[in-house]
Amino acid sequence: MASRLGRVLVLAGAALTLVAATMPAQAESADKILKSANIEHVANLPKKGAFTGPDAFNSDLAFQGDYAYQGNYNGFTIYSIKDPAKPKVVSQVTCEGAQNDVSVKGDLLFLSVDDPRDSDSCKSDYGTPTSKKSWEGIRIFDISDKSRPKYIKAVETACGSHTHTLVPDKSGKSVYLYVSSYMPADIYPECKPPHDRISIVKVPLKKPKDAKVVSRPVLFPEGGNEQQSGLLLPTSGCHDITVFPSKNLAAGACMGDGVIMDISDRERPKVTATVTDENFAFWHSATFNNTGTKVVFTDELGGGASATCNATIGAKRGADAVFDIVDGELVHKSYYKISRHQDSSENCVAHNGSLIPVKGKDIMVQAWYQGGVSIWDFTDSSAPKEIGYFERGPLKPRSIGGSWSAYYYNGFIYSSDIQKGFDVLRISDKLTDPAAKVRLSILNTQTQLPF
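Residues numbered from 1 in each chain as written. Predicted model: local features only at pLDDT ≥ 70, side-chain atom pairs only at ≥ 80, totals over all residues. Heavy atoms only, no water.

Caption draft 1: Broad picture of the overall build of the protein chain. Of regular secondary structure, the protein chain possesses 0 helices and 31 strands. Over its C-alpha trace the protein chain gives a radius of gyration of 20 Å, about what one expects of a compact globule, namely 22 Å for 451 residues. Taken over 451 residues, the protein chain has a buried fraction of 60%. Both charge centroids of the protein chain, one from 50 positive and one from 50 negative side chains, sit 6 Å from each other. (Helix = DSSP H or I, 4+ residues; strand = E, 2+ residues; numbered from the N terminus. Rg over C-alpha atoms; globule rule 2.2 N^0.38 Å. Buried < 20%, exposed > 50% of the residue type's maximum accessible area, 1.4 Å probe, protein only. Lys, Arg positive; Asp, Glu negative; His and termini not counted. Charge placed at Lys NZ, Arg CZ, Asp CG, Glu CD.)

Caption draft 2: Highlighting the pattern of salt bridges. Tallying each qualifying case throughout the model produces 9 salt bridges. Across the salt bridge formed by Glu40 and Arg426, the nearest N and O atoms sit 3.0 Å from each other. Of this pair, Glu40 sits in strand E3 (residues 39-45) while Arg426 sits in strand E30 (residues 421-427), and the two are 386 residues apart along the sequence. Residue classification places Glu40 among the partly exposed positions, given a relative accessible area of 37%. A salt bridge links Arg340 to Glu391, with the shortest nitrogen-to-oxygen separation between them at 3.0 Å. A residue pair is termed long-range when its members are at least 10 positions apart, and Arg340 in the loop between strand E23 (329-336) and strand E24 (353-356) and Glu391 in strand E27 (residues 385-391) qualify at 51 residues. Salt bridges here are not isolated pairs; linked through shared partners, they connect Glu96, Asp115 and Arg117. (Salt bridge = Lys/Arg side-chain N within 4 Å of Asp/Glu carboxyl O.)

Caption draft 3: Structural detail: the nonpolar core. Formed by 17 residues in total, the largest nonpolar core has its most connected members in Ile356, Val365, Val373, Ile375 and Ile413. Contributing elements (two or more residues each) for this core: strand E25 (363-367), strand E26 (373-377), E27, strand E28 (403-409) and E30. Ranked by residues supplied to this core, first place goes to E25 with 3 residues. Filtering out sequence-adjacent residues up to four positions away, Val373 remains in contact with Val365, Gln366, Gly388, Tyr389, Phe390, Ser403, Ala406, Ile413, Ser415 and Leu425. (Core = buried A, V, L, I, M, F, W, Y, C linked by side-chain atoms within 4.5 Å. Contact = heavy atoms within 4.5 Å.)

Caption draft 4: A look at the state of the cysteines. Inspection of every chain in the model, using the stated rule, returns 4 disulfides. Across a sulfur-sulfur distance of 2.0 Å, Cys95 and Cys122 are joined as a disulfide pair. Sign of the S-S torsion, about -85° for the bond between Cys95 and Cys122, identifies this disulfide as left-handed. Of this pair, Cys95 sits in the loop between strand E7 (88-94) and strand E8 (99-105) while Cys122 sits in the loop between strand E9 (108-117) and strand E10 (135-142); the two residues are 27 residues apart in sequence, bridging distant segments of the chain. (Disulfide = S-S within 2.5 Å.)

Caption draft 5: Geometry of the sheet that holds strand E19 (residues 270-275). If you trace the 4 strands from one edge of the open sheet to the other, you get E16-E17-E18-E19, paired in antiparallel fashion. In the strand order of this sheet, the two ends are held by strand E16 (240-244) and E19, each with one partner. In this sheet, neighbouring strand axes are inclined to one another by 20° on average, regardless of whether the strands run parallel or antiparallel. Two strands pair when backbone bridges link them, and strand E17 (residues 249-254) and strand E18 (residues 257-262) are joined in this way by 6 bridges, in the antiparallel orientation. (Pairing = 2+ DSSP bridges. Axes fitted to C-alpha atoms, helices over the stretch in contact; angles between N-to-C directions.)

Caption draft 6: Here's a closer look at the sheet that holds E3. Ordered in space as E3-E30-E29-E28, the 4 strands form an open sheet in which the pairing is antiparallel. Where the open sheet ends on each side, the last strands, each with one partner, are E3 and E28. Taking each pair of neighbouring strands and ignoring which way they run, the sheet shows an average axis angle of 20°. As paired strands, E28 and strand E29 (residues 412-417) are joined by 6 bridges and run antiparallel to one another.

Caption draft 7: The arrangement of unusual backbone geometry in detail. Geometrically, the link from Pro193 to Pro194 is a cis peptide bond, its omega value of -5° lying close to zero. In this structure, Pro194 sits in the loop between strand E13 (174-180) and strand E14 (199-204). The omega torsion across Lys396 and Pro397 is 0°, close enough to zero to call that bond cis. Phi is positive for Met183, which is not a glycine, with a value near 60°. Although it is not a glycine, Asp327 sits at a positive phi angle of roughly 55°. Tracing the sequence through the fold places Asp327 in the loop between strand E22 (320-326) and E23. On the basis of relative accessible area, Asp327 is assigned to the exposed category, the value being 80%.

As structure tokens, this is what we get:
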């Protein structure tokens, strides 16, 4: 999602047409839930404490062992998911800073802060975007005791950290954080244009207090795609990067461009292929298939705040685009978008998802904000199809909400709902059932590990 701050995307357009849903569904009486027959809603934990307000957006998820970690604009929550049907809050840490997207490695947790603060403290207040004294970047926590996380380090990064990607080094002694940020302006002292680069933070795992920015590579020395106009945003940094470490590959969603990178040298990634698309307003995120031969890019038309799942916007905008990688180049094969048209009050657009680990198949679960959660098959790159879904009705009173992230982990789908909390789903389908046998010890979705 676009930040709430100085770099907010104001992309909402005119009133949108309301069209009734056409796909068969089963309804649950509570919360007006609609879902396909192959989906079970296993559990929900509502937001609590300091995270209950409508502006306390739940954000991204990460997993390790029997624990799930959920970011929130006001901090983060650690859940025990040892029994997925009965998830439990282990701890909740208040530490304001949008978006607080999260990743984990060993005893360390990392949060992205794309929000000018008056200090790097968890007790900080909102800072002044035009002041050099304001802080934004990466916060690092010790989570060796899940019930009492400890804040140990902050690393300031230029333009803040909208998202970050955890990249293991080849020795196993450190991790790199590829920090994505975007939308510079002359009034921001630490984020002036051009901003066609990322920041790379190196974190020694045994000495995390030594974490620091080690490089700021320029990905677009020629400026990237600057021909965009209107709602189509020009390249000015990246929103999201996904890495496939075992293949030394990365895929970047960089505002006006989709890119492939060689990350053989972790501190000096190099763009090897770029692609643009006339229907993409805002290249938001990327997901490889399990063999690294395809990439699904998402277009977050409207910055996550607009209603784009309707007949007016259509099936090619605010959608996914499936690309095959052919001789190192990205070849467009198709678009995928949920076909259930949403109410004009419902923010809905393609957002965060992950692969469902089925050998020989390319299947993904994905969040669509108030469009809910969609499970879809892109094994045939040219003809993707939905195989399951879950969604709630429009929020009342109207507000930004829905599923921010939906990821598959060890037999269950976990959804971070901006307003409704933490959802656990299960799909029972012949296409996805083999995935239930796959057991992962960790899942940071932007760090793709082969299964």
